[in-house]
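Report on the structure
Here is what each chain is made of, one letter per residue.
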Amino acid sequence: MGVNTLYFGVDFGTTNSSVAVYDGHRAWALPLDPENDLPTSLPSLLYISRENEKIVGRAAADAFIARNVDREVKTKQVDLGVSVEAYVGAEPEKSEVFNPALVDPEVRHAVRARATIEVNAPGRLFQSLKSLLRQPAFKSTEVFGTPYQLEELVSYILSPIKKAVDGCAGHAVETVVFGRPVRFSDCDDENRIAEDRLRTAAKLAGFKNVAFFLEPVGACVEYAVSVEEKQCLMVVDIGGGTCDVCIMEFQGGSGPEQRLAESRILSVAGTPVAGDALDREIIRNRIFPLLGSKARYGPSNLPMPQYIYNQILDWQNIYKFNNEEMINWLLAAEAFSNCPEGLRALRCLIQKNYGYLVAREVEAAKKRLSEVESTHITVQRDDIQIDDILVREEFSHIIEYTLGEMRECILEAEQNAGIRPSDINLVLTTGGTCLVPAIRAMLEERYGAGKLRSRDSFTSVATGLAVVARYV
Ligand SMILES: Nc1ncnc2c1ncn2[C@@H]1O[C@H](COP(=O)(O)OP(=O)(O)OP(=O)(O)O)[C@@H](O)[C@H]1O
Ligand SMILES: [Mg+2]
């Protein structure tokens, strides 16, 4: 191996991706997205326009907001001209309990109306594609009539990474180390499928030889190669999609090579629960009630069907509801509801494509709560008039269950390593979600505040993987 050989590690993240290079002495992250606040971190976002243009990273979000959200849309007027029982009957799961005979003809007349349906969405935005890798049922999706395999979509996000790597090396690089979470899924088959798909995506992006290495072990290596003392290290990496834990024992030693050779992995553990799950809890608990999730509608005073909310918990599913049948049904429900403003807001969310904006504001509010005790969640567009105060203590309360799952994962790592909390010398936290105060408090309580140390939340995994590419 020549003195100038470079080694590359790729961290394809649920929310952010990064790539690092190691030259045998030093490892550093490569700039990927000049438009991002942190240029070494590429938001794992993909926008595909109707004209088949593909935009990746921060620019993908910007393009989606500029082109798809809150704009002059080309619309189609549809005559609702049907009575309320027809609307209620159109709602799949509740039709059997609706009795049209109970509807007063006067009232029926009142809901005859016209609706405006959007027919020309300019593009689609994809987020958290890594979380889809584990879902065997999600094979491909049609974007304006063109089917895209999931692997292809992922490869578009990897392509700026390939470019950065080739640019750094000065030639086409074929061999890299990719990170992977300890568990893409709790199910073994899905785990295997996810890794195979990520390998295929990497090959489509131009990486011919891909070796996988566990993300939290990468983060462990990143720290440990620079430390001389013998120690027992725990890494807790909680990102957007997965919580990953690794416990390693380092013997110290004189150089990185010797330190790694004499280290031992005591255990790893992982679970597919992280920052996206926290966002979903805020949406379920704080946003949905403002969108009518607790409303009752119709002459029989039925509860709003929860399948709608379960579906739109991921905003990427919202577009599926932007069809005539659904909009008509919502208009009718709104006319006969005890919370018309909520249902109007829901309809506006669906018709005007505000899902991503709401999700972004929720995520931003969650991040602010890592710094301040309380914050406003504000989205005020058209019929959506959300201005909700979220207090940190309440946030900690609504994420208790999710936090419990992360805690279980950490305890599993301890148990499998056969150690007690006091045996651990240092707990390194990385990944954006480790910045959540309730998570820090949980770790401090178990290991002691003095043992916690944060690593660079967004590039430590890639940096460790680059080192791994050289030595392992
Ligand atoms: N200051 C903060 N407070 C709370 N959460 C944060 C903060 N900053 C980022 N996050 C959250 O961290 C997550 C992203 O972290 P990170 O970039 O480490 O994930 P990732 O590596 O892309 O995902 P994964 O490793 O799970 O595939 C998002 O859910 C984001 O909302
Ligand atoms: Mg990560």
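Scroll up to find the structure.
Here goes a summary of the coordinates provided. Computed from a predicted model, the values in this text were never measured in an experiment.

**Here's the deal with unusual backbone geometry**
One non-glycine residue, Ser128, adopts positive backbone phi at about 50 degrees. One non-glycine residue, Phe144, lies in positive phi territory at about 50 degrees. Structurally, the position occupied by Phe144 is in the loop between strand S10 (140-143) and strand S11 (146-149).

**Some thoughts on the site of ligand 1**
Taken together, 23 residues lie around ligand 1, and Thr14, Thr15, Glu363, Lys366 and Ser370 are the ones closest in. Asn16 is positioned such that a nitrogen or oxygen atom in its backbone is 2.7 Å from an oxygen atom of ligand 1. Between ligand 1 and the protein, one listed contact pairs an oxygen atom with a backbone N or O atom of Thr433 at 3.3 Å. Against a free-state accessible area of 650 Å², the protein chains account for coverage of 94% of ligand 1.

**Describing the sheet that holds strand S21 (residues 426-430)**
Strand pairing in a sheet relies on backbone hydrogen bonds, with the paired strands running either antiparallel or parallel. Pairing within the open sheet is mixed, and its five strands lie in the order S16-S15-S14-S21-S22. If you trace the sheet from one side to the other, it starts and ends with strand S16 (264-271) and strand S22 (452-454), each paired once. Sheet twist, expressed as the average angle between the axes of neighbouring strands with direction ignored, equals 20 degrees. Relative to strand S15 (residues 243-250), strand S14 (residues 231-238) runs antiparallel, the two sharing eight bridges. Bridge pairing links Val236 to Val245 in S15.

**With respect to the packing of aromatic side chains**
All chains considered together, the criterion is met by 11 aromatic pairs. Where Tyr307 meets Phe321, the ring centres are 6.4 Å apart and the plane angle is 40 degrees; that geometry is what we call tilted. One end of the pair, Tyr307, is in helix H10 (residues 306-312); the other, Phe321, is in the loop between H10 and helix H11 (324-335), with 14 residues separating them in the sequence. Residue class for Phe321 comes out buried when judged on its relative accessible area of 8%. Site record: aromatic cluster; members linked through ring pairs are Tyr47, Phe64, Trp315 and Tyr356. Between Arg26 and the ring centre of Trp28, over which it is positioned, the NZ or CZ distance is 4.4 Å. Over the aromatic face of Phe207 sits the side chain of Lys162, whose NZ or CZ is 5.5 Å from the ring centroid.

**Details of the pairing of S10**
Burial of S10 is one-sided: the residues Thr141 and Val143 facing one way are buried, the residues Ser140 and Glu142 facing the other way are not. Between S10 and S11, which follow one another and run antiparallel, lie two residues, and Phe144 among them has a positive phi close to 50 degrees.

**Things to note about the sheet that holds strand S6 (residues 54-56)**
Spatially, the three strands line up as an open sheet ordered S6-S5-S9, and their pairing is antiparallel. Each of the sheet's edge strands pairs with one partner strand only, and the pair in question is S6 and strand S9 (123-126). Averaged over all pairs of adjacent strands, the angle between their axes in this sheet comes to 15 degrees, without regard to strand direction. Bridge count for strand S5 (residues 46-49) against S6 is three bridges, and the pairing is antiparallel. Considered in S6, the bridge of Ile48 is made with Lys54.

**Topic: the side chain of Arg124**
If you trace the backbone, Arg124 turns up in strand S9. The buried charged residue Arg124 lacks any salt bridge, with Glu142 as its nearest oppositely charged partner at 8.1 Å. Of note is the side chain of Arg124, whose polar atom sits 3.2 Å from the side chain of Thr141. Filtering out sequence-adjacent residues up to four positions away, Arg124 remains in contact with Leu46, Tyr47, Ile48, Thr141, Glu142, Val143, Phe144 and Tyr319.

**Considerations on the nonpolar core**
Core analysis: the largest hydrophobic core is formed by 85 residues, its most contacted members being Met304 and Leu346. Each of domain 1 (7-66 + 126-227 + 456-471) and domain 2 (74-125 + 277-393) accounts for three or more of the residues forming this core. Residues within four places of Leu346 in sequence aside, it is in contact with Leu291, Met304, Tyr309, Ile312 and Leu330. Ranked by size, the runner-up nonpolar core spans 37 residues in total, among them Ala164, Ala194, Leu198 and Phe212.

**Some thoughts on a nonpolar patch on the surface**
A cluster of nonpolar side chains, Leu38, Leu435 and Phe458, forms an exposed patch at the surface whose accessible area comes to about 230 Å². Along the polypeptide, Phe458 turns up in the loop between S22 and helix H17 (460-471).

**Brief notes about helix H1 (residues 58-68)**
Within H1, burial applies to Ala59, Ala60, Ala61, Ala63, Phe64 and Asn68. Packed against the buried residues of H1 are S5, S6, S9 and helix H13 (355-368). Immediately beyond the C-terminal end of H1, within one or two residues, lies Asp70, with a positive phi of roughly 50 degrees.

**Details of the packing of helix H9 (residues 275-287) against H13**
With their axes 10 Å apart at the nearest point, H9 and H13 run at an angle of 110 degrees to one another. Taken as axis vectors, H9 and H13 run roughly perpendicular relative to one another. Along the contact surface, H9 presents Gly275, Leu278, Asp279, Ile282, Ile283 and Ile287, while H13 presents Val358, Val362, Glu363 and Lys366. Residue composition of the contact of H9 with H13, by class: six nonpolar, one polar and three charged.

**Points about the packing of H1 against H13**
For any two helices packed against each other, the geometry comes down to the angle between their axes and how far apart the axes lie. Where H1 meets H13, the closest approach of the two axes is 10 Å, and the angle between their N-to-C directions is 130 degrees. In terms of orientation, H1 and H13 fall into the oblique class. For H1 against H13, the interelement crossing comes out left-handed. Residue-level contacts link Arg58, Ala61, Phe64 and Ile65 of H1 to Tyr356, Leu357 and Arg360 of H13. Taken together, the residues that form the contact of H1 with H13 break down as five nonpolar, no polar and two charged.

**Some thoughts on empty space enclosed by the protein**
The full count for this structure, using the stated rule, is three cavities of 30 Å³ or more. If you add up the space inside the largest cavity, you get close to 70 Å³. If you go around the largest cavity, the residues you meet are Ile283, Ile287, Phe288, Leu291, Ile312, Leu313, Trp315, Ile318, Leu349, Gly355, Val358 and Ala359. If you list the elements that add at least two residues to the lining of the largest cavity, you get H9 and H13.

Rules of the game
- Within every chain, residues take consecutive numbers counted from 1 along the sequence as written.
- Lettering for chains starts from A, numbering for ligands starts from 1, and both go in the order in which the items are written.
- Where local features are concerned, this predicted model is filtered to residues with pLDDT of at least 70; where side-chain atom pairs are given and counted, the filter is 80 or more; whole-chain, interface and lining totals use all residues.
- Excluding hydrogens and water, the side-chain figures rest on all heavy atoms present in the structure.
- Helix and strand assignments come from DSSP, with helices taken as H or I runs of at least 4 residues and strands as E runs of at least 2, each series counted from the N terminus.
- We define proximity as follows: a residue is near a molecule or strand when any one of its heavy atoms falls within 4 Å of that partner.
- In protein, a polar contact means a hydrogen-donor-capable atom and an acceptor-capable atom, both N or O and within 3.5 Å, with residues adjacent in sequence counting only if both atoms are side-chain atoms; elsewhere, any N or O pair within 3.5 Å suffices.
- In this description, accessible areas are obtained by the Shrake-Rupley approach with a 1.4 Å probe, and a residue is regarded as covered only by the protein chains that are shown.
- In this analysis, strands are considered paired if DSSP registers two or more bridges between them.
- Inter-axis angles, ranging from 0 to 180 degrees, are taken between N-to-C directions of lines fitted to C-alpha atoms, where helices are fitted over the stretch in contact.
- Note on aromatic contacts: the rings of Phe and Tyr and the six-membered ring of Trp form a pair at centre separations within 6.5 Å, being stacked when their planes are under 30 degrees apart, edge-to-face when over 60 apart, and tilted otherwise.
- For each residue, the accessible area found with a 1.4 Å probe, counting protein chains only, is set against the maximum for its type, and the residue is called buried under 20%, exposed over 50%, and partly exposed in between.
- Look at NZ for Lys and CZ for Arg. If either is within 6 Å of the ring centre and within 35 degrees of the ring normal, a charge sits over the ring.
- In this charge count, Lys and Arg are treated as positive and Asp and Glu as negative; neither His nor the chain ends contribute.
- By salt bridge we mean one thing: a side-chain nitrogen of Lys or Arg within 4 Å of a carboxyl oxygen of Asp or Glu.
- Pairs of residues are marked as contacts when any of their non-hydrogen atoms sit within 4.5 Å.
- Definition used in this section: a nonpolar core is a set of buried Ala, Val, Leu, Ile, Met, Phe, Trp, Tyr and Cys residues joined via side-chain atoms within 4.5 Å.
- Where each domain starts and ends follows an automatic or database-derived domain assignment.
- The patch calculation keeps residues exceeding 30% relative accessible area without a salt bridge and links them within 9 Å when they carry like charges or within 5 Å when they are nonpolar (Val, Leu, Ile, Met, Phe, Trp, Tyr).
- Just so you know how the angles are binned, under 35 degrees is roughly parallel, over 145 roughly antiparallel, 65 to 115 roughly perpendicular, and the rest oblique.
- Residues were grouped as follows: Ala, Val, Leu, Ile, Met, Phe, Trp, Tyr, Cys and Pro as nonpolar; Asp, Glu, Lys and Arg as charged; and all remaining residues, including Gly, as polar.
- Handedness of a helix crossing follows the sense of rotation of the near helix relative to the far helix, less than a right angle counterclockwise being left-handed and clockwise being right-handed.
- Detection works on a 1 Å grid of protein atoms alone, calling trapped sets that fit a 1.4 Å probe cavities and calling open sets with protein on both sides within 12 Å along at least five of seven lines pockets, with lining residues defined by an atom within 4 Å of a point.
- Grid points are joined across faces, edges and corners, and a volume is the space filled by probe spheres set on the points.

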